[in-house]
Amino acid sequence: MLSAERRSRILESAQREGAVRVSQLVGELGVSHVTVRRDLEALIYDGVLEKVRGGAMLKHAAESAPPGQGAGVAAPHRTLGVLIPAAYYFRRVVDGIRSVTAGTGGDIRLLLSNYDQAEEPKLVAELVATGCAGLLLAPSVGGDDPDALAYLDDVPVPVVLIERAAPGEELGRLSTVRSAHERGVTSAMRHLRELGHTRVALISRGDSQSAVFVRRGWIDAIARYGMDADVPNITGERLGTGPAWETGGPAAVLEELTSAGVTALLCHGDEDALVLLQHARTHGVSIPGDLSLVAYDDELASLADPPLTAVAPGKEQVGVVATRLLSDLIEGRLGETPVHIQIEPRLHIRQTTARARNA
């Protein structure tokens, strides 16, 4: 079907029903979400349709709608919907969300996912059905499929992704607030390079999008600081995604690092760093004498013996900024253009990093 024919059919549907939704048109026209969105953008540019969340409506219908609302968009409400994975990482993010809603007299409705991509659309629909004015979501994003979050096109209230980025290479349709994990890793790698370390391995057993950002930052930093690339990059594909380690796993990792001549290790996150710290002590590996160790998380790192040098993402600040951004979207203060904000992590230098012996 030619683009002109598709757009003619879209306009006919809009004239018949007053508004059209992306998901509806995908089924009717048999094309992808991306194609439908491009057709809608062309009709919006021509001035015959007006953009609303999840689709478009006739220009005259949009002009008669109440301020800040479009087809199917709920009026602002004090309750915000929050969907996060059942992971301790997000506890402080929620603390940040609650600090804002408490100050404005609002509240939140919290649902937990289990990293289940099939279940999450149902949970999002439940939040919408209960009258939430907007949603703060940390969905299970994997891969680069631009349609992985297409179900959010039909959500009739504003959405902000927290600690996530929209997948794919196209311009993001959703506003996002996340930690700048790549920059956090860069700060740790720069610290180690200044101590003379060139062989810095990575352990990252997680399979979340944040783990992808951490690995990306590690790879980029190796090139940036002229460090050795032939070092172990140990992922959950080898060790499992946890939380428990298989018997003998930590000892095998330490042996691999020693055999590879590694002098420093970045470990994502604290729990795995603590496990390796404890096993190093019983296997004759001195930290930081033989192996400098940096944890990525800083939830438990300061309690270790010795206290771990760690990168601390600004979890609570992510929650605060995301909630304020969502409030602006609900009130219509930012228009339709998505906003992407990254919060800088901090490096806390403690007692598990030292100058490399061969430096």
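Here is what the cut-offs are and how they apply
- Sequence order as written defines the numbering, with residues in each chain counted from 1.
- Local features are withheld for residues below a pLDDT of 70 in this predicted model, meaning they are given only at 70 or higher, and side-chain atom pairs are given and counted only at 80 or more; totals for whole chains, interfaces and linings count all residues.
- Heavy atoms from the whole structure form the basis of all side-chain values; hydrogens and water molecules are not counted.
- We count a stretch as a helix when DSSP gives it H or I for four or more residues in a row; a strand needs E for two or more, and each element gets its number in order from the N terminus.
- Burial classes follow relative accessibility: with a 1.4 Å probe on protein chains only, a residue under 20% of its type's maximum area counts as buried, one over 50% as exposed, and anything between as partly exposed.
- Throughout, a contact is declared for two residues whenever any of their heavy atoms are within 4.5 Å.
- For the area figures, the Shrake-Rupley method with a 1.4 Å probe applies, and any residue is considered shielded solely by the protein chains shown.
- Note on pairing: DSSP must find at least two bridges between two strands before they are called paired.
- Axes here mean lines fitted to C-alpha atoms, for a helix over just the part in contact, with angles spanning 0 to 180 degrees between N-to-C directions.
- Salt bridge, as used here: a side-chain nitrogen of Lys or Arg that lies within 4 Å of a carboxyl oxygen of Asp or Glu.
- By definition here, a helix of n residues has an expected span of 1.5 Å times n minus one.
- Polar contact is the term for a pair of N or O atoms within 3.5 Å; when the atoms are in protein, one must be able to donate a hydrogen and the other to accept it, and sequence-neighboring residues count only if both atoms are side-chain atoms.
- By arc we mean the arc of the directions from the helix axis to the C-beta atoms, nothing more.

Peer 1: Pulling in residues and values, what's your account of the overall build of the protein?
Peer 2: Counting secondary structure elements, the protein contains twelve helices and 15 strands. Reported as C-alpha extents along the three principal axes, the dimensions of the protein are approximately 75 × 50 × 35 Å. Every one of the 359 residues in the protein was classed for burial, and the buried ones make up 51%. The long-range share in the protein, meaning contacts at least 24 apart out of those at least 6 apart in sequence, stands at 71%. Carbon and sulfur atoms form 49% of the exposed surface of the protein, whose accessible area is close to 16,500 Å².

Peer 1: Can you explain the environment of Arg 6? Please cite residues and give values.
Peer 2: One can find Arg 6 in helix 1 (residues 3-17). Since its relative accessible area comes to 11%, Arg 6 is described here as buried. On a C-alpha basis, the gap between Arg 6 and Val 36 in space is 8.6 Å, while along the polypeptide they are 30 residues apart.

Peer 1: Residues and numbers for the sheet that holds strand 11 (residues 264-268), please.
Peer 2: Spatial strand order, 10-9-11-12-13-15: six strands in an open sheet with mixed pairing. Two strands lie at the open edges of the sheet, namely strand 10 (233-235) and strand 15 (346-348), each paired on one side alone. Across this sheet, the average inter-strand angle for adjacent strands is 15°, counted without regard to direction. Sheet analysis places strand 13 (residues 309-312) next to strand 15, joined by three bridges and oriented antiparallel. Bridge pairing in strand 15 places Ala 312 opposite Arg 346. Relative to the sheet, helix 8 (residues 209-224) contacts strand 9 (200-204), strand 10, strand 11 and strand 12 (292-296), its axis offset from that of strand 9 by approximately 175°.

Peer 1: How would you explain the sheet that holds strand 3 (residues 55-58) if you had to name every residue and give the values?
Peer 2: Here we have three strands laid out as an open sheet, ordered 1-3-2, and antiparallel in their pairing. The two strands at the open ends of the sheet, each matched to only one other strand, are strand 1 (19-21) and strand 2 (49-52). Strand-to-strand twist of the sheet, defined as the mean angle between neighbouring strand axes without regard to direction, takes the value 25°. Examined bridge by bridge, strand 2 and strand 3 share four bridges and lie antiparallel to one another. What sits directly across from Val 52, in strand 3, is Gly 55. In the packing of helix 1 onto the sheet, the strands contacted are strand 1, strand 2 and strand 3, and the crossing angle to strand 1 comes to about 125°. Most of the contacts of helix 2 (residues 22-29) go to strand 1, to which it runs at about 75°, and overall it touches strand 1 and strand 3.

Peer 1: Tell me what's going on with the pattern of salt bridges, and back it up with residues and numbers.
Peer 2: Two side chains that carry opposite charge are able to pair once their charged atoms sit near each other. With the rule as written, the count across this model stands at 18 salt bridges. Its salt-bridge partner being Asp 39, residue Arg 7 comes within 2.9 Å of it at the nearest N-O pair. Of the two residues, Arg 7 sits in helix 1 while Asp 39 sits in helix 3 (residues 33-45), which places them 32 residues apart along the sequence. Its relative accessible area of 1% is what places Asp 39 among the buried residues. Of the charged contacts, one joins Asp 95 and Arg 91 as a salt bridge, the two residues approaching to 4.0 Å between their closest N and O atoms. Pair noted here: Asp 95 and Arg 91 are both in helix 5 (residues 91-104), with a separation of four residues, about one helical turn. Through salt bridges with shared partners, a single ionic network connects Arg 91, Arg 92, Asp 95, Asp 297, Glu 299 and Lys 315.

Peer 1: So what about helix 7 (residues 181-194)? Which residues, and what values?
Peer 2: Given a rise of 1.5 Å per residue, 14 residues ought to cover 20 Å, and the 20 Å separating the end C-alpha atoms of helix 7 matches this to within 8%. Along helix 7, the residues that are buried comprise His 181, Glu 182, Gly 184, Val 185, Thr 186, Ser 187, Ala 188, Met 189, His 191 and Leu 192. Backbone geometry just downstream of helix 7 places Gly 196 in the positive-phi region, at approximately 90°.

Peer 1: So what's going on with the side chain of Lys 315? Residues and values would help.
Peer 2: Residue placement: Lys 315 occurs in helix 12 (residues 315-330). Side-chain polar atoms of Lys 315 contact the side chain of Glu 299, separated by 2.8 Å. If we ignore the near neighbours within four places in the chain, the residues touching Lys 315 are Tyr 89, Arg 92, Val 93, Asp 297 and Glu 299.

Peer 1: Tell me about helix 6 (residues 120-129), and name the residues and values.
Peer 2: Those residues of helix 6 that sit buried are Glu 120, Leu 123, Val 124 and Leu 127. Projected down its long axis, helix 6 carries its buried residues within an arc of 100°, all on one side. Those residues of helix 6 that are exposed and angled more than 90 degrees off the buried face are Lys 122 and Ala 129. Where the residues of helix 6 are buried, they touch strand 4 (79-85), strand 5 (107-113) and strand 6 (134-137). Directly after helix 6, the chain includes Gly 131, whose backbone phi takes a positive value near 90°.

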